[in-house]
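Each chain, letter by letter, is given below.
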Amino acid sequence: MASNVERIMSLAKSDVRLQTIVNNYFLRIGHPQHFVGGLSFKENKDDSPAFCLGFQTFSIPIGFIFVSEGLLGVLTQEELEFVVLHEIGHITKNHVVGSSFVWLMKSWIIDMIADMFEVSKQKAKQYLELLKAFYVLISQKKTPEEEAKARYELEADNFAYVLQGRKDPAISTLLKLSQGNIRAPTHVTFDGSFPFPIVTYEERIEAIRRDC
Ligand SMILES: [Zn+2]
């Protein structure tokens, strides 16, 4: 994943369509000062079609929004707006800070396991993966890590469609992205060999429909 991001960052180009949506949004909320760039990139098969890097500090949002050329080609203007607003939601709600906190907690737990069982960090990481897998198997629930990440996705969706004032661009975007498989996860945590689903297209669409 990290190497994907590096490759995409080196290839990504500033995109007028994306940048216009970003600028219009910040103008509209009366907060024209921002450092958020809209970039497009030529995707490889396993790349995430849209994501962002950024945060907000002293009310100034800073970051980049990346959208793949493939996705740019299939979305209508309103659907693209939904995608960009979703990413702006992640940036302005500082989800990256929350995710770093989750990451920090995780490395702290790994250190603790390594200490307790006097094993290497690598081994401790594998124990944590197994622990997570057992937890999911037995409880049939998401672990706190996937739970937290799912909440961020639902929050970003909510942020976007509330601003748009309608739900259909959000739902049609998610349906397009699902390519007919709405039970598939939109985001996954990869822990070693185990993929842990964070949230599915269906769960996100349901959450949007439920909310009034
Ligand atoms: Zn998201």
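Not measured: the values here are computed from a predicted model. (Residues numbered from 1 in each chain as written. Predicted model: local features only at pLDDT ≥ 70, side-chain atom pairs only at ≥ 80, totals over all residues. Heavy atoms only, no water.)

Engineer: Please give an account of the packing of helix 7 (residues 144-164) against helix 9 (residues 201-210) that cites residues and values.
Structural biologist: Relative orientation of the contacting elements helix 7 and helix 9 amounts to 45°, with a least axis distance of 10 Å. On the basis of the axis angle, helix 7 is oblique to helix 9. Handedness of the helix 7/helix 9 crossing: right-handed. On helix 9, the residues touching Glu-153, Leu-154, Asp-157 and Tyr-161 of helix 7 are Glu-203, Arg-204, Ala-207 and Ile-208. (Axes fitted to C-alpha atoms, helices over the stretch in contact; angles between N-to-C directions. Helix = DSSP H or I, 4+ residues; strand = E, 2+ residues; numbered from the N terminus. Parallel < 35°, antiparallel > 145°, perpendicular 65-115°, else oblique. Left-handed = near helix turned anticlockwise from the far one by under 90°. Contact = heavy atoms within 4.5 Å.)

Engineer: If you had to explain the coordination of the zinc ion to someone new, which residues and values would you point to?
Structural biologist: Distances from the zinc ion to its protein donors, His-86 (NE2), His-90 (NE2) and Glu-153 (OE), fall at 2.0 to 2.1 Å. Sequence spacing of the donor residues for the zinc ion, all on one chain, is H-x3-H-x62-E. Taken together, the residues His-86 and His-90, both in helix 4 (residues 77-92) and 4 residues apart, mark about one turn of the helix. Each of the two residues, His-86 as well as His-90, counts as buried. (Donors = N, O, S within 2.8 Å, 3.2 Å for Na, K, Ca; no water. Buried < 20%, exposed > 50% of the residue type's maximum accessible area, 1.4 Å probe, protein only.)

Engineer: Residues and numbers for the nonpolar core, please.
Structural biologist: In this structure, Ile-65, Val-67 and Ile-88 are the most contacted members of the largest nonpolar core, which totals 31 residues. For this core, the domains that each give at least three residues are domain 1 (1-92) and domain 2 (97-212). The contact partners of Ile-65, leaving out residues within four places of it in the chain, are Val-22, Val-36, Gly-37, Gly-38, Leu-39, Phe-51, Cys-52, Val-84, Glu-87, Ile-88 and Ile-91. (Core = buried A, V, L, I, M, F, W, Y, C linked by side-chain atoms within 4.5 Å. Domains from an automatic or database assignment.)

Engineer: Talk me through the environment of Arg-204; I want residue IDs and the actual numbers.
Structural biologist: Along the chain, the position of Arg-204 falls in helix 9. What makes Arg-204 buried here is its relative accessible area of 7%. As for Arg-204 and Lys-125, which are separated by 79 residues in sequence, their C-alpha atoms are 30 Å apart. Those residues in contact with Arg-204, other than ones at most four positions away along the chain, are His-86, Glu-153, Leu-154, Asp-157, Leu-174, Thr-186, His-187 and Val-199.

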